[in-house]
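Structural overview
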Amino acid sequence: MIHKLIAVAAWTLLVFIAYATISPIHARPTLFATPNFERLAAFIVLGVLFYLAYPRHIVLVCLIVLGSAVLLELAQLLTPDRHGRIQDAIIKMTGAALGIAAGRTMLYFQQASRWFQN
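The paragraphs below set out a description of the structure included in this document. (Residues numbered from 1 in each chain as written. Predicted model: local features only at pLDDT ≥ 70, side-chain atom pairs only at ≥ 80, totals over all residues. Heavy atoms only, no water.)

**Considering the overall build of the chain**
In terms of regular secondary structure, the chain is built from four helices and zero strands. When the helices and strands of the chain are listed from N to C terminus, the series reads α-α-α-α. Dimensions of the chain, computed from C-alpha atoms along their principal axes, come out at roughly 60 × 30 × 25 Å. Among the 118 residues that make up the chain, the fraction classed as buried is 36%. Look at the contacts in the chain between residues 6 or more apart in sequence, and 73% of them connect residues 24 or more apart. About 7700 Å² of surface is accessible on the chain, with carbon and sulfur atoms providing 73% of the total. Side chains of the chain carry 9 positive and 4 negative charges; the gap between the two charge centres is 15 Å. (Helix = DSSP H or I, 4+ residues; strand = E, 2+ residues; numbered from the N terminus. Buried < 20%, exposed > 50% of the residue type's maximum accessible area, 1.4 Å probe, protein only. Contact = heavy atoms within 4.5 Å. Areas by Shrake-Rupley, 256 points an atom, 1.4 Å probe, with all protein chains shown as cover. Lys, Arg positive; Asp, Glu negative; His and termini not counted. Charge placed at Lys NZ, Arg CZ, Asp CG, Glu CD.)

**Here we look at the packing of helix α1 (residues 2-22) against helix α2 (residues 35-53)**
It is at 8 Å that the axes of α1 and α2 come closest, and there the two elements cross at 145°. In the packing of α1 onto α2, the handedness of the crossing is left-handed. For the pair α1 and α2, the contacting residues are H3, I6, A7, A9, A10, W11, L13, L14 and I17 in the first and A42, F43, V45, L46, L49, F50, L52 and A53 in the second. Of the residues contributing to the contact of α1 with α2, the split by class is 16 nonpolar, one polar and no charged. (Axes fitted to C-alpha atoms, helices over the stretch in contact; angles between N-to-C directions. Left-handed = near helix turned anticlockwise from the far one by under 90°. Nonpolar A, V, L, I, M, F, W, Y, C, P; charged D, E, K, R; others polar.)

**Side note on the nonpolar core**
Ranked by internal contacts, the top residues of the largest apolar core, which has 19 residues, are I17, F43, L46, F50 and V65. Elements with a contribution of two residues or more to this core: α1, α2, α3 (58-76) and α4 (86-117). A per-element tally of this core places α2 first, with seven residues. Excluding its chain neighbours within four sequence positions, the residues that come into contact with F43 are I17, V65, S68, A69, L72, K92, G95 and A96. (Core = buried A, V, L, I, M, F, W, Y, C linked by side-chain atoms within 4.5 Å.)

**Observations regarding a nonpolar patch on the surface**
A cluster of nonpolar side chains, V70, L71, L74, L77 and M93, forms an exposed patch at the surface whose accessible area comes to about 450 Å². Top element by residues in the nonpolar patch is α3. It accounts for three residues. Relative to the assigned elements, L71 resides in helix α3. Since its relative accessible area comes to 58%, L71 is described here as exposed. (Patch = residues over 30% accessible without salt bridge, like charges linked within 9 Å, V, L, I, M, F, W, Y side chains within 5 Å. Salt bridge = Lys/Arg side-chain N within 4 Å of Asp/Glu carboxyl O.)

**Some remarks on the side chain of R39**
Along the polypeptide, R39 turns up in helix α2. A polar side-chain atom of R39 sits 2.7 Å from a polar atom in the side chain of N36. Among all residues touching R39, those that are not within four sequence positions of it are D88, I91 and K92. (Polar contact = N/O pair within 3.5 Å; in protein donor to acceptor, adjacent residues only side chain to side chain.)

**Here we look at the packing of α1 against α3**
Interaxial distance between α1 and α3 falls to 9 Å at its minimum, and their mutual angle equals 20°. Between α1 and α3, the angle is such that the two are roughly parallel. Two packed elements cross with a definite hand, and for α1 against α3 that hand is right-handed. On α3, the residues touching W11, L14, I17, A18, T21 and I22 of α1 are I64, S68, L72, A75 and Q76. Broken down by class, the residue content of the contact of α1 with α3 amounts to eight nonpolar, three polar and no charged. (Parallel < 35°, antiparallel > 145°, perpendicular 65-115°, else oblique.)

In structure tokens:
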């Protein structure tokens with residue numbers, strides 16, 4: 001059951017990030033942090049959630065999370081009041097990679113602790 005909730009959370013976060021990225025600048029939700037920190041943190045969480053939801057599909061996870069970072073920046077070029085930048089894509093991809101690595105590390109230690117308990 002928790003596995004399905006994590007998958008729903010991952011897809012929901014991706015939709016929210018897409019909305020925040022492509023929506024008009026005045027409708028963009030913001031936190032009390034710098035935009036670069038928001039980008040990095042959002043994609044770290046996205047990477048963790050997708051890896052935990054689909055741990056046996058690492059290539060698919062990388063394509064979805066890293067690919068969405070690039071595609072969302074490109075999509076901003078289609079909106080009149082937004083701008084896609086390579087620097088922003090790199091920050092998002094860095095967050096995605098860190099999140100995927102963190103998710104992998106979390107599962108590794110969870111499995112290791114199970115092994116030691118037996």
